[in-house]
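Overview (structure and organization)
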Amino acid sequence: MENSIPAVLAGRALRSLRDSGYSLAAAIGEVVDNSLEAKANSIHVRLNEDAESHGRPRVGAIAIVDDGAGMDVDTLHRYPQIGFSTRYMSTTTIGKYGVGAKLAALAYSERLDVWSRTHGDSPWMHVYFDLAEADSSSAAGVEATIAAPTEAPVPPAFVDLLPQSSGTLVLWSRVDRLEAGRHASDANTLRVAVEKELARMFRYFIDSGVEIWVNDTRLLAHDPLLLMDGTNADRILRRHYQRAKVDPSFPLKHHYPAKVIADETLAFAGSSVRLRLTVYPPEVVRRRGMGGDQLATALAVPDNEGALSFVRLNREINYTNVPKILPSGVLELDRYIGIEISFTPELDDYMGVRNVKRGVEPHGDLRALIRTQLSRWMPQAREEIKRLWGEASRRQRDAAGEHASITNRLKNADRTLPGGKARPPAPDREKEILNNLAESAGHSGPAAKAAYLARIAELPYVIESVDYPGHSFLEIQHLSHQIIIMINQRHPFYQDVWQPLRTIAEAPAGTVSGDEATAAAQRTVDALTLLVTAYAKAESMDPQPDKFVELRDDWGKFLRSLLGNVRP
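Given the structure is predicted, the values throughout are model-derived calculations rather than measurements.

**With respect to the side chain of Glu340**
- With respect to the helices and strands, the residue Glu340 is situated in strand S15 (residues 337-343).
- Side chain to side chain, Glu340 and Tyr204 meet in a polar contact 2.8 Å long.
- Here the side chain of Glu340 touches Ser342 through a polar contact of 3.2 Å, side chain to side chain.
- Apart from residues no more than four positions distant in its own chain, Glu340 is found in contact with Arg203, Tyr204, Leu225, Arg274, Leu275, Arg276, Ser309 and Val311.

Below, the structure is given as structure tokens:
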């Protein structure tokens, strides 16, 4: 029997480590981390389409080049060595385990080449690791090693990326895990996905001026909070609203910031966690049911549904849904809510930070603390979204009139009702009332006022929701041939019951959850009960409430008739 055996079968172990679970962007991000630690100002990622899969171009090599400080020969020699890091277990740097960039390379390729130099007048020194060679060595019982760096030319396909002074080129070749259909349908789709994820992952660095390029595209920051200025979202929104007749209610802006609902620092375990929560701006939220259209998809709004962004030292290390951390679970409207949790490396254990930057989420007491705070702020954020939906519905209704549909149907139903007995005002007073109504309904110009008055001239009932002070819910004017009903938008019954119900009623089919519909129905039943109760209380304020008996009889009679004749 042998006295000793290898602790690790290097070839097999390295093959096993290839399944580390990286997305392509996350794998590339491990190399970008090193570039940022080297104080790079510009980082170029090139996905080289030098192969085909199923007749479609696929990525056969990946290069990451930076203009950072570069590596001396000793550091470069150890770059491919799993476990080596000049920042091993540091709590002040992005990386700390010494495995990320190596496992990232193995996750997608079988060969890793690195060129680096520390001065512009120095030669490019080269080191490499080849998985096939390691397999052969391991099979022969020989330890797999990394040869010392040597001066070597950079492949011609990547020479144009090299900086004039110091820097590093990392090249993954023999890429064997990006065939068409595995991670994306084709190379272009894969590139777009990488751009989006890197732009979000390194948004704080991009926002601070670091250039990150993917092929020929310079990335703009992708901020899931929608607070940063000059982001990709701002560019998309400007282009969208520059188009004629998209939505004239939204003026063109340079920046479309979200509304901050919460920004608090939570003390924990001698350190702190910053929680920020935002609601996307009206130009993004728009009307209910639009969260999956072309604009929303371009802004990655559907991807944001219930997602939390975990940021460590200004670098996002996870963007994901965390089970059971949001009150009432994840709702569809949560796609309009940005949530960011920022922490320092002292809390790595509480956040589950591992040697690969994925799967990070809080646990134990820290999870409970964050969940408590989210339970406090999420209801406010959700109510804000519903308010924005209500405002959007109101703007849409204002163009044609909020109650235009039912007043047109009331015109036919009124034919069977008896005439009223109220004495109309004098003609001049009636004209004044109609002019005031037109202005209250938002038709202030002479032409707009004339068009509005012409439109309502033949209606027996004119109903308008208007904004006026006071406690009154209704203001009613009895004219010679019509009844004017003005509903006070400031009244709580309108704001808490009428408008939310209108928003739900106008929502596209399938966009209202069962819980939401049930809650609205319960609130409506309560509100209707309060409506008749308030009327009864109002009667009691008169010393002779019996005089309202005939009024109540007529009210019930006309309500029954209208319900029978006014159909949807």
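That was the structure; now back to the text.
**Let's talk about the packing of helix H14 (residues 427-440) against helix H15 (residues 446-456)**
- The geometry of H14 relative to H15 is characterised by a closest axis approach of 10 Å and an angle of 110 degrees between their N-to-C directions. Relative to H15, the element H14 is oriented roughly perpendicular. Crossing hand, H14 versus H15: right-handed. Across from Leu434, Asn435, Leu437, Ala438 and Glu439 in H14, the residues of H15 making contact are Lys449, Tyr452, Leu453 and Ile456.

**Regarding the environment of Asp176**
- Among the secondary structure elements, Asp176 is positioned in the loop between strand S8 (167-175) and helix H6 (187-201).
- What makes Asp176 partly exposed here is its relative accessible area of 30%.
- Counting along the chain gives 116 residues from Asp176 to Gly60, while the straight-line C-alpha distance between them is 7.3 Å.

**Here's the deal with the packing of aromatic side chains**
- Enumeration according to the criterion identifies 9 aromatic pairs in this entry.
- Taking the centre distance of 5.6 Å and the plane angle of 80 degrees together, the rings of Tyr241 and Phe250 count as edge-to-face.
- Judged by relative accessible area, which is 9%, Tyr241 ranks as buried.
- For Phe250, a relative accessible area of 8% puts it in the buried group.
- Feature note: the residues Phe473, Phe493, Tyr494 and Trp498 constitute an aromatic cluster, connected by ring pairs.
- Residue placement shows Lys102 over the ring face of Tyr79; its charged tip is 5.6 Å from the ring centre.

**Observations regarding the nonpolar core**
- With 50 residues, the main nonpolar core has Leu24, Ile28, Ile62, Trp172 and Leu198 as its most contacted residues.
- Top contributing element to this core by residue count: helix H2 (residues 24-37), with 8 residues.
- With near-sequence residues (within four places) excluded, Ile28 lies in contact with Val45, Leu47, Ile62, Ile64, Trp172, Val194 and Leu198.
- Counting 47 residues, the second-largest nonpolar core is a separate cluster that includes Tyr256, Val273, Ala296 and Ile325.

**Description of the sheet that holds strand S14 (residues 315-321)**
- If you walk across this open sheet you meet the 5 strands as S11-S12-S15-S13-S14, and the pairing is mixed. Sheet topology places strand S11 (259-268) and S14 at the edges, where each strand pairs with a single neighbour. Across the sheet, the mean angle separating the axes of adjacent strands is 20 degrees when strand polarity is ignored.
- Taken together, the 4 bridges between strand S13 (residues 307-312) and S15 define a ladder with parallel strand orientation. Considered in S15, the bridge of Ser309 is made with Glu340.

**Some remarks on the side chain of Ser109**
- Looking at the element boundaries, Ser109 is found in strand S5 (residues 109-117).
- Here Ser109 falls in the buried class, since its relative accessible area comes to 1%.
- From its side chain, Ser109 meets the backbone oxygen of Ala105 in a polar contact 2.8 Å long.

**Quick look at the pattern of salt bridges**
- Tallied over the full model, the rule gives 31 salt bridges.
- A salt bridge links Glu432 to Arg429, with the shortest nitrogen-to-oxygen separation between them at 3.4 Å. On the criterion of helical spacing, the pair formed by Glu432 and Arg429 is a turn pair, its members being 3 residues apart in helix H14.
- The class of Glu432 is partly exposed, set by a relative accessible area of 40%.
- Two residues, Glu439 and Lys449, come together in a salt bridge whose shortest N-O distance is 3.0 Å.

**With respect to the pairing of strand S4 (residues 61-66)**
- The buried fraction of S4 is high, at 6 of 6 residues.
- Summarising the sheet, strand S1 (residues 42-48) and S4 pair through 6 bridges and their orientation is antiparallel. Opposite Arg46, over in S4, you have Ala63 as the bridge partner.
- Examined bridge by bridge, S4 and S8 share 5 bridges and lie antiparallel to one another. Note that in S8 the partner of Asp66 across the bridge is Thr168.

Reading the values: rules and limits
Residues numbered from 1 in each chain as written. Predicted model: local features only at pLDDT ≥ 70, side-chain atom pairs only at ≥ 80, totals over all residues. Heavy atoms only, no water. Helix = DSSP H or I, 4+ residues; strand = E, 2+ residues; numbered from the N terminus. Polar contact = N/O pair within 3.5 Å; in protein donor to acceptor, adjacent residues only side chain to side chain. Contact = heavy atoms within 4.5 Å. Axes fitted to C-alpha atoms, helices over the stretch in contact; angles between N-to-C directions. Parallel < 35°, antiparallel > 145°, perpendicular 65-115°, else oblique. Left-handed = near helix turned anticlockwise from the far one by under 90°. Buried < 20%, exposed > 50% of the residue type's maximum accessible area, 1.4 Å probe, protein only. Phe/Tyr/Trp six-rings, centres within 6.5 Å; stacked < 30°, edge-to-face > 60°. Lys NZ or Arg CZ within 6 Å of the ring centre and 35° of its normal. Core = buried A, V, L, I, M, F, W, Y, C linked by side-chain atoms within 4.5 Å. Pairing = 2+ DSSP bridges. Salt bridge = Lys/Arg side-chain N within 4 Å of Asp/Glu carboxyl O.

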